[in-house]
Amino acid sequence: MTALLAEEIELLGVTVTHGNQPLPVTLENTLRVMSYMKGNVPVFKGSYEPLVKWLTPGRELPGGSAGKSTMVVNGKTYVLHEENMGLPPASIKEEPVPAAMWIVDTIRNSPEKITVIPVGPCSNIAVALRIDPSIVENIEEIIIMGGADNMGNRTGAGEFNFFADPEAAKIVVGCGAKITIIPLNATHSAKFNYDDADRFEALGTRAGKFTSRLIRHRADFESVQGQSNGETAVHDALTVCALIDRSIILESCEQTVDIDIGGSIADGMMYCDTRPLSEPLPKNATVAYKIDKEKAMNLMLRIMSRDL
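So, here is what we can say about the structure in this document. For every chain, the first residue of its written sequence is number 1, and the numbers climb from 1 along that sequence. Local features are withheld for residues below a pLDDT of 70 in this predicted model, meaning they are given only at 70 or higher, and side-chain atom pairs are given and counted only at 80 or more; totals for whole chains, interfaces and linings count all residues. Hydrogens and water are ignored here; the side-chain numbers use all heavy atoms of the structure.

1. Here's the deal with unusual backbone geometry
Stated precisely, the cut-off is as follows: Counting from the N terminus, the helices are DSSP H or I runs at least four residues long and the strands are E runs at least two residues long.
Notably, Lys-38 is not glycine yet its phi reads approximately 60°, a positive angle. Position of Lys-38 relative to the elements: it lies in the loop between α2 (23-37) and β2 (43-45). Although it is not a glycine, Asn-150 sits at a positive phi angle of roughly 60°. Here Asn-150 is to be found in the loop between β6 (139-145) and α5 (160-164).

2. What about the environment of Asn-29?
For clarity, the threshold we go by: Between buried and exposed lies partly exposed: a residue is buried under 20% and exposed over 50% of the maximum accessible area for its type, with that area taken using a 1.4 Å probe on protein chains only. Between two residues, a contact is recorded if the distance between any of their heavy atoms is within 4.5 Å.
Along the chain, Asn-29 falls in helix α2. The exposure class of Asn-29 is buried, given its relative accessible area of 8%. Put simply, Asn-29 and Ser-47 are 18 residues apart on the chain and 15 Å apart in space, counted from C-alpha to C-alpha. Other than its neighbours up to four places away in sequence, Asn-29 contacts Glu-82, Glu-83, Asn-84 and Met-85.

3. With respect to the nonpolar core
Let me state the cut-off plainly: By convention a nonpolar core is built from buried Ala, Val, Leu, Ile, Met, Phe, Trp, Tyr and Cys residues, the set being connected through side-chain atoms within 4.5 Å.
Ile-182, Phe-192, Phe-200, Ile-291 and Met-300 are the most contacted members of the largest nonpolar core, which totals 44 residues. Broken down by secondary-structure element, the contributors of at least two residues to this core are α1 (2-5), α2, α8 (194-201), α9 (206-225), α10 (235-244), β12 (285-291) and α11 (293-304). Of the residues forming this core, the biggest block, 7 residues, is contributed by α11. With residues near it in sequence (within four places) discarded, Phe-200 still touches Phe-192, Gly-208, Lys-209, Thr-211, Ser-212, Ile-215, Met-297, Met-300, Leu-301 and Met-304. Core analysis: the next-biggest nonpolar cluster, separate from the first, contains 35 residues, Ala-100, Cys-122, Ile-139 and Ile-144 among them.

4. Let's talk about the side chain of Asp-132
Threshold: Counted as a polar contact is a pair of N or O atoms within 3.5 Å, where, for protein atoms, one must be capable of donating a hydrogen and the other of accepting one, and residues adjacent in sequence contribute only when both atoms are in side chains.
Here Asp-132 shows up in the loop between α4 (123-131) and β6. Using a relative accessible area of 10% as the deciding quantity, one classes Asp-132 as buried. At a separation of 2.5 Å, a polar atom in the side chain of Asp-132 contacts the side chain of Ser-134. Setting aside residues up to four positions removed in sequence, Asp-132 forms contacts with Val-104 and Arg-108.

5. Remarks on the environment of Ile-139
By secondary structure assignment, the location of Ile-139 is in strand β6. Residue Ile-139 is classed as buried on the basis of its relative accessible area, which comes to 5%. If sequence neighbours within four positions are ignored, Ile-139 has contacts with Ile-107, Lys-113, Ile-114, Val-116 and Ala-177.

6. Quick notes on the packing of aromatic side chains
Formally: Stacked, edge-to-face and tilted are the three classes for Phe, Tyr and Trp ring pairs, Trp counted by its six-membered ring, which pair at centre distances within 6.5 Å; planes under 30 degrees apart are stacked, over 60 edge-to-face, the rest tilted.
Scanning all chains against the criterion turns up 3 aromatic pairs. For the pair Phe-44 and Trp-102, a centre-to-centre distance of 4.4 Å together with 20° between the ring planes defines the contact as stacked. A residue pair is termed long-range when its members are at least 10 positions apart, and Phe-44 in strand β2 and Trp-102 in helix α3 (residues 99-109) qualify at 58 residues. Look at Phe-44 and you get buried, because its relative accessible area is 4%. Owing to a relative accessible area of 18%, Trp-102 belongs among the buried residues under this scheme.

7. Quick notes on the pairing of β12
The cut-off we apply is this: By this definition, two strands are paired if DSSP reports at least two bridges between them.
Taking burial as the measure, the 7 residues of β12 include 5 buried ones, the bulk of the element. Pairing of strand β7 (residues 179-182) with β12 involves 2 bridges; the strand directions are parallel. By the bridge assignment, Thr-180 is partnered in β12 with Thr-286. For strand β10 (residues 249-259) and β12, the ladder comprises 6 bridges, and the chain directions are antiparallel. When the bridges of β12 are listed, Glu-254 appears paired with Thr-286.

8. Things to note about a nonpolar patch on the surface
How we decide: Patches draw on residues past 30% relative accessible area with no salt bridge. Two like charges within 9 Å are joined, as are two nonpolar side chains (Val, Leu, Ile, Met, Phe, Trp, Tyr) within 5 Å. To measure how exposed things are, a 1.4 Å probe is used in the Shrake-Rupley method; for residues, cover is taken only from the protein chains shown. Salt bridges are identified by distance alone: a Lys or Arg side-chain nitrogen within 4 Å of an Asp or Glu carboxyl oxygen.
Together, Val-97, Met-101 and Ile-131 give the surface a local cluster of nonpolar side chains, amounting to about 250 Å² of exposed area. On the secondary structure map, Val-97 appears in the loop between β4 (76-79) and α3.

9. Here we look at the pattern of salt bridges
In this structure the tally under the stated criterion is 11 salt bridges. Note that Arg-306 and Glu-7 form a salt bridge whose closest N and O atoms lie 4.0 Å from each other. Of this pair, Arg-306 sits in the segment after α11 while Glu-7 sits in the loop between α1 and β1 (14-16), placing them 299 residues apart in sequence. Looking at Glu-7, the relative accessible area reads 63%, which means it is exposed.

10. Focus on α2
Because each turn of an α-helix spans 3.6 residues, side chains separated by three or four positions in sequence point in the same direction. The condition that has to hold: An expected span of 1.5 Å times one less than the residue number is assigned to each helix.
Between the first and last C-alpha of α2 there are 21 Å, a value that for 15 residues agrees with the 21 Å anticipated at 1.5 Å per step. With 11 of 15 residues buried, α2 is to be regarded as a mostly interior element. Of the positions making up α2, those classed as buried are Leu-23, Val-25, Thr-26, Leu-27, Asn-29, Leu-31, Arg-32, Val-33, Met-34, Ser-35 and Met-37. Positive phi shows up at Lys-38, right after α2, with a value of about 60°.

Spelled out as structure tokens, the structure:
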């Protein structure tokens, strides 16, 4: 919604991959959001599964879950990743072209360089880079929501997006394009709370009301889970905001970044080499560590005050 509504962004398309739910659900959800927002932007179906293997138990089975987070507290059931997010069925369909092919053709043929913002597993973009590595030459920047430096959420070492397809993350981070990573360190430094949800609700727009609901939903779940006290990270929208206004990033560092695919307990871990000299590998990414929450909030409020 942030990318769709921001006047600073020309949103060319949205590609969908497996994520916190299987692809058929994430695709339907994306189409529902686009329909709800009355957005005239094409949606493309992408990868059903990681490039190499599933690391999450049960995900490799037909109809497998992404590890749905469900809890029952005082007789009330809390589900973190809902299957339809309370939105009506989509009134639009996905495009017939597979996501990776569309990415390759669009970047190849664009008269201007394109910025790519993966906010889920990097599978689609990694496949596109394997189809045609030369598209890197026409990429302005890749801004990734993923990874974590010395913290994790899917495992003790791995953040979900990178853990869901570590080989894809490794391909994208190492592709040679300009890379900016917005990891958990940054998104957790700028959590939104119920008062913030009220501010979005007060906008009265479709995006404002739905954003308010999403913040409340996640804050409720994480509070009963014991992760927080009425607040939650808004990972993906903050990543889009970092494109619109880089000054929301208060602390960042240019580093040598790699992804662990070793097949052990650190699978999917983002490795940051913080040494001043990190030969033989070059510094290949800028990693954000802290975000100005109030500046990001005001930016989102301005963007989501619009209706299409």
